[in-house]
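Structural description and commentary
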Amino acid sequence: MLKVDNLVAGYGRTRILHGVNLHVPKGGLVALLGGNGTGKSTTLKAIVGLVKPEEGQVLLDGQPIDAIPAEKRAAMGLSMVPQGKEVFAAMSVEENLLMGAYHRRKDRAGIAADLESVYGRFKRLRERRKVNAGMLSGGERQMLSIGRSLMARPTMLLLDEPSAALAPRIVEEIAEAILGLRELGLTLLLVEQNVGMALDIADYIYVIRGGRIAYERTVGDGIAMEELQEFYLGGKDHE
Ligand SMILES: Nc1ncnc2c1ncn2[C@@H]1O[C@H](COP(=O)(O)OP(=O)(O)OP(=O)(O)O)[C@@H](O)[C@H]1O
Ligand SMILES: [Mg+2]
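Everything numeric in this text was worked out from a predicted model, so none of it was measured.

**A closer look at the coordination of the magnesium ion (ligand 2)**
The coordination sphere of the magnesium ion (ligand 2) contains the protein donors S41 (OG) and Q83 (OE1), at a distance range of 2.0 to 2.2 Å. Residue S41 is found in helix α1 (residues 40–48), and its partner Q83 is found in the loop between β6 (78–81) and α3 (93–99); the two are separated by 42 residues along the sequence. Owing to a relative accessible area of 35%, Q83 belongs among the partly exposed residues under this scheme.

And the structure:
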């Protein structure tokens, strides 16, 4: 469904990605792991159209989408939950969710149904729907950020470090929510630094290092933690 083919990209004259290749099959849950500053967010931004590739391609269902602007990609079903649990702090939980459906704001009945479905999935958001988002806990903000993306009715969701800076119990809740999204039929690309969490829920993992994929493997295919650490922290390379 999503293919990233030899992606070279960066900011200004600084190259960050040096030929990244990734594949996320329809209905799959693929994790992209890597340390700080290795190019994980840059990869996601290139996929949704916020960073322009210098070389290579992003293909959705076999079609190159590099010429398509970010808003149109969102309308095509591609949605990103950005890093850092960003929410509109001065707006209520519900207003934040409605922002996610802004591009189809005339579809009142559809939006009401989608709100119901997000509240059904994240019960705490329903309880706190009138509360300003700035008052939420980290876990609630992450749920809100995911909920806002869901309001855009994506078919493919990219999540950028949803478990970061959360207590283990909340990480588990987020992991379960992600598995729930998969059951819903969404195709998922999960960026994580929490290797344990990613191995628990993903079916395939990539490790990025220095803007290149250093390791990839099917989960359950006898991934040796030690080997993974070695690729993760440096030393070994893919080819
Ligand atoms: N807007 C920007 N302008 C210039 N450089 C940037 C910009 N955003 C990121 N970078 C740099 O690009 C490199 C890769 O950043 P990126 O955000 O992709 O890393 P990451 O793997 O997501 O890291 P982290 O786990 O810390 O979020 C870093 O060196 C970062 O400083
Ligand atoms: Mg990042």
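From this point on, the discussion continues.
**Digging into helix α6 (residues 138–150)**
Here α6 contains 13 residues, and its C-alpha end-to-end distance of 18 Å stays within 8% of the 18 Å for a straight helix at 1.5 Å per residue. Close packing links the buried residues of α6 with β6, α3, α4 (108–121), α5 (123–127), β7 (156–160) and α7 (168–183).

**Describing the side chain of S145**
Residue position: S145 is located in helix α6. Apart from residues lying up to four places away in sequence, S145 is in contact with V81, P82 and E86.

**Concerning the pattern of salt bridges**
For the structure on display, the rule yields 11 salt bridges. Close ionic contact of K40 with E161 constitutes a salt bridge, the shortest N to O distance being 3.8 Å. Here the residue K40 occupies a position in helix α1, and E161 occupies one in the loop between β7 and α7, the gap between them amounting to 121 residues. Note that R124 is salt-bridged to E140, the shortest N-O span being 3.9 Å. One end of the pair, R124, is in helix α5; the other, E140, is in helix α6, with 16 residues separating them in the sequence. Since its relative accessible area comes to 7%, E140 is described here as buried. Taken together, the shared-partner salt bridges connect R104, D107, D114 and R153 into one network.

What counts, and at which threshold
Residues numbered from 1 in each chain as written. Chains lettered and ligands numbered in written order. Predicted model: local features only at pLDDT ≥ 70, side-chain atom pairs only at ≥ 80, totals over all residues. Heavy atoms only, no water. Donors = N, O, S within 2.8 Å, 3.2 Å for Na, K, Ca; no water. Helix = DSSP H or I, 4+ residues; strand = E, 2+ residues; numbered from the N terminus. Buried < 20%, exposed > 50% of the residue type's maximum accessible area, 1.4 Å probe, protein only. Expected span 1.5 Å × (residues − 1). Contact = heavy atoms within 4.5 Å. Salt bridge = Lys/Arg side-chain N within 4 Å of Asp/Glu carboxyl O.

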